[in-house]
Amino acid sequence: MDLSELSAESIKLGLKTELIGQNIVYYPSLGSTNDLLKELAAQGTPEGTLVIADEQTAGKGRLGRKWLAPPGTSLLLSLLFRPELAPNQAQRLTMICSLAIADAIEELTGLSVGLKWPNDIFIRGKKAGGILTESVTIGGRLDCVVVGMGLNVNLDISTLPELRGMATSLSQELGREVSRPELLWRILEGIEIRYKSLKRGESPHEEWAARLINLARQVQVTTPQGVLVGWAEGVDVDGALILRTSDGQHQRILAGDVTLRNPPDRAQRLL
Ligand code: BT5
């Protein structure tokens, strides 16, 4: 059974959660799941609402970039959180969602999954998914957070020439297709468990850091303020990257794109 045969009702039937995905909005085709969920959030839709589409006509990455996903190939979803967190803590939601995605893929397929700071899902050195987290603040307070997830499940990368060499999919790595609903259920269940522990005050940042493939490496980081080069020492509790530059200074970077500067090490080859 694949997602194209599913309705919101049948997604719910196989889902063993109490909160995450209990309110489902499914569209065969939609502009962007994040954009719709932000509109619904403003109208008061409950925490845990899932917006999911088989195709997006305006799928978004960060900084105005595009997310490409032909119909029938991907998981394209957004989840609404109304957490009791400060605005600078919203990255914790990216952390729990990416960890749940990594676990779900590993459990279902046996593939090894790495995360790349700040928001990528990597398999064998190539991007298999991305996360776009958007926060809504009102009067300096965090009102809600929309976490959008795009995952290449049964995607033949050769159909997207612009991504060749840098992207992969689960089917590409496995040589067989993967059930999108099965993967979706596992991801949502994993997010629910991790969200509960986040609400108990447990921070996911150490587990997240342990999965990051671009730590303890020489990296180049392109930030809104400019390009920095240095040693990626770690991440802090809010998900900021701690970079040691050649003059020994420590820079705390909240947003940017990381390029690895040295040849792949053992960890990278294993992924
Ligand atoms: C991301 O941005 O990686 C976040 C992507 C989030 C997509 C989901 S889909 C559901 C939800 N609704 C939305 O509208 N968005 C979210 P970023 O780090 O900026 O990476 C974007 C870059 O990844 C693009 O410029 C391409 O180079 C590359 N890219 C685009 N589509 C890709 C794909 N299917 N697989 C791998 N890489 C891709």
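Residues numbered from 1 in each chain as written. Predicted model: local features only at pLDDT ≥ 70, side-chain atom pairs only at ≥ 80, totals over all residues. Heavy atoms only, no water.

**Overview of the overall build of the protein chain**
Argument step 1. A count of helical and extended segments in the protein chain gives seven helices and twelve strands.
Argument step 2. Rg of the C-alpha trace for the protein chain: 18 Å, near the compact-globule value of 18 Å for 271 residues, within the 12% margin.
Argument step 3. Principal axes of the C-alpha set define a box for the protein chain whose edges measure 55 × 50 × 30 Å.
Argument step 4. Out of the 271 residues belonging to the protein chain, those deemed buried represent 54%. (Helix = DSSP H or I, 4+ residues; strand = E, 2+ residues; numbered from the N terminus. Rg over C-alpha atoms; globule rule 2.2 N^0.38 Å. Buried < 20%, exposed > 50% of the residue type's maximum accessible area, 1.4 Å probe, protein only.)

**Some points on the sheet that holds strand 3 (residues 74-81)**
Argument step 1. Strand order in the open sheet made by the seven strands is 1-2-3-7-6-5-4, with mixed pairing throughout. A single partner strand is all that each edge strand has here, and the edge strands are strand 1 (24-30) and strand 4 (114-116). Going from strand to strand, the sheet's axes swing by 20 degrees on average, the running direction of each strand aside.
Argument step 2. Strand direction decides the pairing type here: strand 2 (residues 50-56) and strand 3, joined by four bridges, are antiparallel. Looking at the pairing, A53 lines up with L76 of strand 3.
Argument step 3. Contacting strand 3, strand 4, strand 5 (120-123), strand 6 (126-138) and strand 7 (141-152), helix 3 (residues 91-109) runs over the sheet at an angle of about 25 degrees to strand 7. (Pairing = 2+ DSSP bridges. Axes fitted to C-alpha atoms, helices over the stretch in contact; angles between N-to-C directions. Contact = heavy atoms within 4.5 Å.)

**Topic: the sheet that holds strand 9 (residues 226-235)**
Argument step 1. Taken together, the five strands give an open sheet; going across it, the order is 11-10-9-8-12, and neighbouring strands pair in antiparallel fashion. Edge positions in the sheet fall to strand 11 (250-253) and strand 12 (257-260), since each of these pairs with one other strand and no more. Neighbour to neighbour, the strand axes of the sheet diverge by 45 degrees on average, direction disregarded.

**Brief notes about the site of the ligand**
Argument step 1. Of all residues adjacent to the ligand, which total 28 residues, the nearest are S32, K60, R65, L68 and K127.
Argument step 2. R65 is positioned such that a nitrogen or oxygen atom in its side chain is 2.7 Å from an oxygen atom of the ligand.
Argument step 3. With respect to the detected pockets, the ligand is housed in the largest pocket.
Argument step 4. Looking at the shell around the ligand, its residues break down into ten nonpolar, twelve polar and six charged. (Near = heavy atom within 4 Å. Polar contact = N/O pair within 3.5 Å; in protein donor to acceptor, adjacent residues only side chain to side chain. 1 Å grid on protein atoms, 1.4 Å probe; cavity = no way out; pocket = protein on both sides within 12 Å on 5 of 7 lines; lining within 4 Å. Sits in = over half its atoms within 2 Å of the grid points. Nonpolar A, V, L, I, M, F, W, Y, C, P; charged D, E, K, R; others polar.)

**Details of the packing of aromatic side chains**
Argument step 1. Per the stated rule, a full pass over the model turns up one aromatic pair.
Argument step 2. Their ring planes at 65 degrees and their centres at 4.9 Å tell us that F81 and Y195 sit as a pair that is edge-to-face. Of this pair, F81 sits in strand 3 while Y195 sits in helix 5 (residues 180-199); the two residues are 114 residues apart in sequence, bridging distant segments of the chain.
Argument step 3. Judged by relative accessible area, Y195 falls into the buried class, the value being 2%. (Phe/Tyr/Trp six-rings, centres within 6.5 Å; stacked < 30°, edge-to-face > 60°.)

**Some details on the environment of A42**
Argument step 1. Here A42 lies in helix 2 (residues 33-42).
Argument step 2. Judged by its relative accessible area of 72%, A42 is exposed.
Argument step 3. For the pair A42 and V178, spaced 136 residues apart in sequence, the C-alpha separation works out to 35 Å.

**Some thoughts on the layout of surface pockets**
Argument step 1. Reported here for the largest pocket is a volume of approximately 640 Å³.
Argument step 2. For the largest pocket, the lining is made up of 31 residues, of which G61, K66, W67, D120 and K127 are closest to its centre.
Argument step 3. Looking at the lining of the largest pocket, the elements that each hand over two or more residues are helix 2, strand 3, strand 5, strand 6, strand 7 and strand 12.
Argument step 4. Split into classes, the residues belonging to the lining of the largest pocket amount to twelve nonpolar, eleven polar and eight charged.
Argument step 5. In this structure, the second largest pocket occupies an estimated 530 Å³ of space. (Points joined across faces, edges and corners; volume = space filled by probe spheres on them.)

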